[in-house]
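Topology and contacts: notes
One-letter residues, chain by chain:
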Protein chains: 2
Amino acid sequence: MQTPVFMPVGTQGTVKAVRQSDLKNLNAEIILGNTYHLYLRPGHQLIQEMGGLHKFMGWDRLILTDSGGFQVWSLAALNKITEEGVRFQSHLNGSYHEFTPELSMEIQLALGSDCVMAFDWCLQYPAERSDAQLAVDRTIAWAKRCRTAFDEGPRLPDSDPALFGIVQGGVYADLRKECLERLKEIGFEGYAIGGLSVGEPKTAMWEMVEAGMPGMPEDQPRYLMGVGTPEDLVEGVRRGVDMFDCVMPTRNARKGTVFTSQGRLVVKNATYARDQRPLDESCKCYTCRHYTRAYVRHLFQAGESLGPQLATLHSLHFYLNTMQEIREAIEAGTFGSWSQNFLETFRQGES
Amino acid sequence: MQTPVFMPVGTQGTVKAVRQSDLKNLNAEIILGNTYHLYLRPGHQLIQEMGGLHKFMGWDRLILTDSGGFQVWSLAALNKITEEGVRFQSHLNGSYHEFTPELSMEIQLALGSDCVMAFDWCLQYPAERSDAQLAVDRTIAWAKRCRTAFDEGPRLPDSDPALFGIVQGGVYADLRKECLERLKEIGFEGYAIGGLSVGEPKTAMWEMVEAGMPGMPEDQPRYLMGVGTPEDLVEGVRRGVDMFDCVMPTRNARKGTVFTSQGRLVVKNATYARDQRPLDESCKCYTCRHYTRAYVRHLFQAGESLGPQLATLHSLHFYLNTMQEIREAIEAGTFGSWSQNFLETFRQGES
């Protein structure tokens, strides 16, 4: 895997609206799957019986699975959170379940994930310092249990997964540093910054990234979870982030807003009804090579599923191509000037 | 265009759930667009401004447009039908419109259609003989007006459209013969059998096809509108039909039922939850080469749009490939044995 990398989100074993061959054509090297969703439907045992998530969904490149922690916290009806784990009700049918660090490992190993995330304790924003401390303490306790369960758990054939620890600590820089140090004592194959992009100001988010980064081992991947906008990718890379994931390019696209080199474009707007230009005039993606804004707008107006499909292809291309350009600029030692140009053009279009 | 041919239906300027490049890869030579839908949204003037439907939707092969007659009859709130035309309310927003033979020609020429259909008078089933006679008389009167409006109407640049007459007459064989003779007196570039597949028994449908076929000029295309199942394609070709269109492969696919060489397969059924076979074991389509029934079933269960997409790709491949096999069998003089094998296998699976 080349880094820095952006990981398209494939919640339910599919990156919504596109095909696995599209992702390959877009040079996606790794995609994300959601433990919570796949556990509930179709179930990790079923996927394991089918040979694991790679085989089930026809994807032979890398897969990172999240721990389920964020989803039980944000999606499920939360019933009880204890030192043991989280008891919750399914958002699908109200059935009762309990996630523990051990079960999260069991599920992710059954899926055959390449990058397994430790089951962490999420924290709302804003949160008191004492709650943030509690989240760190519990995250560490769970991280230890994850390490053990992961190390001792069975692997799918040909599976050689890595386990990532997740830094919590709210918007308290010292707590984040403490959390990272304690995670490093346990030892992981990669480190993630979690619990950000949950409503805190952007400045606070970058402060937390800056607090966490210097302590992270340079030879291991550093993953900023759930981030972000194209600007965030650049800002994150500047601060040393290697891995990103976000639903923004895909979710926004399905609703008719795409990302371009000149900022966001709300293609379903009436102003594009007769616009014969592609979504992004400097883009080489399938959508921009074949279709006009007028046509894509018509598809959205008419409720045709080709609209979300073409918009998703474009926005994923934009994100993945931006990361490609970032990697090339880093290689060439021109990341500073590249990012200045990129951000200037993007922000001009946004304003 | 090679015949016999099946035309995928692209109602609103898109064959639902798939890309134009998919249609090319499936060797679709001609697709259908709906005059009624495109007139209402985005409007034929807009499409004309964009250079016509081919350019608007990025499709450089043939397009046949229907006349709008069937849709105003079946979809719109019908307000008044007179000798002049049909006044109706849009199914989208209730706005009032009137279709006349002249307007139908104007719209289809503005779209840049390659095969323009005459505006015909549709008939419910069952219908009295006197109503069927009236439908024939009015269809003929409108066909004359269509011929004139079509011949005198403006063309898009590089457009060289053909006009098809439509045979009506309900389930009365002599009326259908009369209608065809009167259409031939006017003279058209192709002839279509309309007003079937509207609830009449299959036997009555084939009787009407058999009544109409012998009188049709052998050197001009013969089109059986809105038909049908894979069996119908074979039965139609046996009776001399050159062109077919039907929403069945695409609409059923979007709802989780696909066509295979062994009959219909309801892939969303629980019985396929762990089925590692492709949708059709003898199929070479994209879906069958890459995905299992278990995965496609999961996509439908989870409401993921990749499900309808993959199912549509498969069923269109099955229809278009079946037509390809039919053409090859005809060429090789083996259509009789080919169709016997095909129908036997298909019907065994259906039973």
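Conventions and cut-offs
- Residues numbered from 1 in each chain as written.
- Chains lettered and ligands numbered in written order.
- Predicted model: local features only at pLDDT ≥ 70, side-chain atom pairs only at ≥ 80, totals over all residues.
- Pairing = 2+ DSSP bridges.
- Helix = DSSP H or I, 4+ residues; strand = E, 2+ residues; numbered from the N terminus.
- Axes fitted to C-alpha atoms, helices over the stretch in contact; angles between N-to-C directions.
- Parallel < 35°, antiparallel > 145°, perpendicular 65-115°, else oblique.
- Left-handed = near helix turned anticlockwise from the far one by under 90°.
- Contact = placed C-beta atoms within 7 Å.
- Nonpolar A, V, L, I, M, F, W, Y, C, P; charged D, E, K, R; others polar.
- Domains from an automatic or database assignment.
- pLDDT = per-residue confidence, 0-100.
- Buried ≥ 20, exposed ≤ 12 C-beta atoms within 10 Å, placed from the backbone.
- Core = buried A, V, L, I, M, F, W, Y, C linked by C-beta atoms within 7 Å.

Attention now moves to the sheet that holds strand 3 (residues 62-65) of chain A. All names here are of chain A. Reading across the sheet, the eight strands line up as 1-11-10-9-8-7-3-2 and stay open at both edges, with parallel pairing between neighbours. The sheet is open, and its two borders are formed by strand 1 (5-7) and strand 2 (30-33), each paired with just one other strand. Pairs of neighbouring strands in the sheet enclose a mean axial angle of 25°, with direction left out of account. Bridging between strand 3 and strand 7 (residues 115-117) involves two bridges; their strand directions are parallel. By the bridge assignment, Leu64 is partnered in strand 7 with Cys115.

Further remarks concern the packing of helix 6 (residues 101-111) of chain B against helix 7 (residues 129-152) of chain B. Residues and elements named next belong to chain B. Interhelical geometry of helix 6 versus helix 7 gives an angle of 40° and a closest axis separation of 8 Å. What the angle tells us is that helix 6 and helix 7 run oblique. Between helix 6 and helix 7 the crossing geometry is right-handed. Together, Pro101, Glu102, Ser104 and Met105 of helix 6 and Trp142, Arg145, Cys146, Ala149 and Phe150 of helix 7 make up the contact between the two elements. Grouping the amino acids of the contact of helix 6 with helix 7 by side-chain chemistry returns six nonpolar, one polar and two charged.

The next subject is the domain arrangement of chain A. All names here are of chain A. Partitioning chain A into structural domains gives domain 1 (5-245) and domain 2 (252-350). A straight line from the C-alpha centre of domain 1 to that of domain 2 covers 28 Å. Listed per partner, the contact involves 16 residues of domain 1 and 18 residues of domain 2. Mapped onto the side of domain 1 that touches domain 2, the elements with two or more residues apiece are strand 1 and helix 10 (230-238). Among the residues forming the side of domain 1 that touches domain 2, the class breakdown is eleven nonpolar, one polar and four charged.

With that settled, the discussion passes to the pairing of strand 3 (residues 62-65) of chain B. Bridging between strand 2 (residues 30-33) of chain B and strand 3 of chain B involves four bridges; their strand directions are parallel. Residue Ile31 of chain B lies in a different strand from strand 3 of chain B, and its bridge partner there is Ile63 of chain B.

Turning our attention to the confidence of the model for chain A. Fine structural detail should not be taken from predicted coordinates in areas where pLDDT scores are low. Here chain A averages 97 in pLDDT, while 100% of its residues score no lower than 70. Prediction confidence for the complex, expressed as pTM and ipTM, is 0.97 and 0.97 respectively.

The next subject is the sheet that holds strand 7 (residues 115-117) of chain B. All names here are of chain B. Read from one edge to the other, the open sheet built from eight strands follows the order 1-11-10-9-8-7-3-2, with strand pairing classed as parallel. The open sheet has two free edges, formed respectively by strand 1 (5-7) and strand 2, since each of these has just one partner strand. Here the strands of the sheet are splayed against their neighbours by 25° on average, with no regard to which way each runs. In this structure, strand 10 (residues 222-224) lies alongside strand 11 (residues 243-245), joined through two bridges in parallel fashion. By the bridge assignment for strand 11, Leu224 is matched with Phe244.

Turning to the interface of chain A and chain B, a few remarks are in order. With 30 residues of chain A at the contact, the number on the chain B side is 30 residues. Within the residue set of the side of chain A that touches chain B, elements represented by two or more residues are helix 3 (44-49), helix 4 (53-57), helix 13 (293-301) and helix 14 (306-332) of chain A. Residue contributions to the side of chain A that touches chain B peak at five residues, all from helix 13 of chain A. Broken down by class, the residue content of the side of chain A that touches chain B amounts to 14 nonpolar, ten polar and six charged.

The next point concerns unusual backbone geometry. All names here are of chain A. With an omega dihedral of 10°, the bond running from Arg41 to Pro42 counts as a cis peptide bond. Along the chain, the position of Pro42 falls in the loop between helix 2 (35-40) and helix 3. Within the chain, Asn27 stands out as a residue other than glycine whose phi angle is a positive 65°. Taking the number of C-beta atoms within 10 Å as the measure of exposure, Asn27 has 13 and is therefore partly exposed. Phi angles above zero are rare outside glycine, and Ser197 is one such case at about 60°.

If you look at the biggest cluster of nonpolar residues, it comprises 226 residues, and the most contacted ones within it are Phe164 of chain A together with Phe164 of chain B. If we ignore the near neighbours within four places in the chain, the residues touching Phe164 of chain B are Cys115, Val116, Met117, Ala118, Phe188, Glu189, Gly190, Tyr191, Ala192 and Tyr223 of chain B.

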